[in-house]
Structure formats: C-alpha cells, structure tokens
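Spelled out, the chains give:
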Amino acid sequence: MADSKKTEVRFSVDADYLAQLQQRLGLKKSSDLTKVALTLLDWASDEVVHDRAILSADKQGKDVHRLVMPELNNINKSKPSAQH
C-alpha cells in the first residue's frame, strides 16, 4: 500500500471482544488488529472480484463451509480491485 493519503477510522467495539481477538492473534495494539482485519477483508473481496468462493474445511478437506458475508455480494465483479 502506498504511503499517500491516510484516513483515520474510529469505531466503538466491546473491549472484552477486542482483547480476546488480540490475544488469540498475538497482537499488542488494536491498530494492528484493524490492519489484519482490513487485509483479510481486502483479500476476500479480491477473491470475490475474481469469481472465487471462500471456503473453510477441516484438516482432511471435509466439513466444508462457505463464507457468507452479504457485503461481499455488493461487489461489482466487472471492475478490477485496487492494487496495494
């Protein structure tokens, strides 16, 4: 990601939820958690742009679940995603 313009994003989130997620991921700062979350969302949206399904499976490749996130259905697949 280029270091051009930056936008500060503020939102409220349950402190216990945030702390548990940070601990699970081994992150010290909430800003690091936000960066990781946005990176994952960017990847997921790019997969949808390329008409790919996002799946999760157990280690044997069974018990497959598809990510259902209504916001990803809003993506216009005819436009290329932003390059980072």
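Residues numbered from 1 in each chain as written. Predicted model: local features only at pLDDT ≥ 70, side-chain atom pairs only at ≥ 80, totals over all residues. Heavy atoms only, no water.

Looking now at the side chain of Ser45. With respect to the helices and strands, the residue Ser45 is situated in helix 2 (residues 30-49). Those residues in contact with Ser45 that sit more than four places away from it in its chain are Leu72 and Ile75. (Helix = DSSP H or I, 4+ residues; strand = E, 2+ residues; numbered from the N terminus. Contact = heavy atoms within 4.5 Å.)

Moving on, we come to the side chain of Gln22. Tracing the backbone through its elements, the reader meets Gln22 in helix 1 (residues 15-25). Those residues in contact with Gln22, other than ones at most four positions away along the chain, are Leu27, Lys28, Lys29, Ser30 and Leu33.

Our next topic: a nonpolar patch on the surface. Taken together, the side chains of Val9, Phe11, Val13 and Tyr17 present a nonpolar region at the surface, about 440 Å² in accessible area. Checked against the element boundaries, Phe11 lands in the segment before helix 1. (Patch = residues over 30% accessible without salt bridge, like charges linked within 9 Å, V, L, I, M, F, W, Y side chains within 5 Å. Areas by Shrake-Rupley, 256 points an atom, 1.4 Å probe, with all protein chains shown as cover. Salt bridge = Lys/Arg side-chain N within 4 Å of Asp/Glu carboxyl O.)

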